[in-house]
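# Residue-level structure breakdown
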Amino acid sequence: TKANISSDEISQLKIGDGSTLADLVALNIGQIGENMAIGEATLVQAVSGLNLSGFAHPATETGFSNLLCGRYAAVMVYAHVEKGPTPLPEDLDIEKIPSQICQHIIGMNPTCVKNPDDKENSLLNQTFLMDESLTVEELCSAAGIKIVDFIRREIGRSN
């Protein structure tokens, strides 16, 4: 499931002391002297049979092993399927492929999973960033991955 949350809804979220997130941002603007704004968000939850993978760039040390922070972020929803006939190149680690596809999403900025009318912006039709001998579709077939959906965000840009 995927749900978009507006910046207004996020601004009204309550924090520990009962104030809103908008109040916290206003306080920080006053203290830091830099302008900032709350953007929209997308909540993604994997249902049974689906998996999530994510990547952030540049990676920022947060102190939390499950928290990814960076100017760019991508989350991919995928399923494991039967592997295709083409073997996976030996230099690619099958365990890292989902996060590498997320890295590809950040770098190549596709707009859809697959669109025959827009091959340049279609994720599965793009040449894979980490191995230009493959398309993302060929990589997914060799790895036994079916991409269901993805989200790419850039801090400071609205969709």
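Refer to the preceding data block for the structure.
Residues numbered from 1 in each chain as written. Predicted model: local features only at pLDDT ≥ 70, side-chain atom pairs only at ≥ 80, totals over all residues. Heavy atoms only, no water.

The subject of this paragraph is the environment of aspartate 131. Along the chain, the position of aspartate 131 falls in the loop between α3 (97-108) and α4 (136-143). For aspartate 131, a relative accessible area of 12% corresponds to the buried category. Once the C-alpha coordinates of aspartate 131 and proline 89 are considered, the two residues, 42 residues apart in sequence, prove to be 8.9 Å apart. Excluding residues that lie within four positions of it along the chain, aspartate 131 makes contacts with Pro89, Asp91 and Leu92. (Helix = DSSP H or I, 4+ residues; strand = E, 2+ residues; numbered from the N terminus. Buried < 20%, exposed > 50% of the residue type's maximum accessible area, 1.4 Å probe, protein only. Contact = heavy atoms within 4.5 Å.)

On to the pattern of salt bridges. Oppositely charged side chains are able to pair whenever their charged atoms sit close together. One pass over the full model with this rule turns up 3 salt bridges. For lysine 2, the salt bridge goes to aspartate 149, with nearest N and O atoms at 2.9 Å. Here lysine 2, found in strand β1 (residues 2-5), pairs with aspartate 149, found in strand β5 (residues 145-154); they are 147 residues apart in sequence, far enough to count as distant. Among the residues examined, lysine 2 registers a relative accessible area of 46% and is labelled partly exposed. Assessed through its relative accessible area of 25%, aspartate 149 is described here as partly exposed. One salt bridge connects glutamate 154 with arginine 71, and the closest N-O pair in it is separated by 3.0 Å. Taken together, the positions of glutamate 154 in strand β5 and arginine 71 in the loop between β3 (51-57) and β4 (72-80) put the pair 83 residues apart, joining distant regions of the chain. (Salt bridge = Lys/Arg side-chain N within 4 Å of Asp/Glu carboxyl O.)

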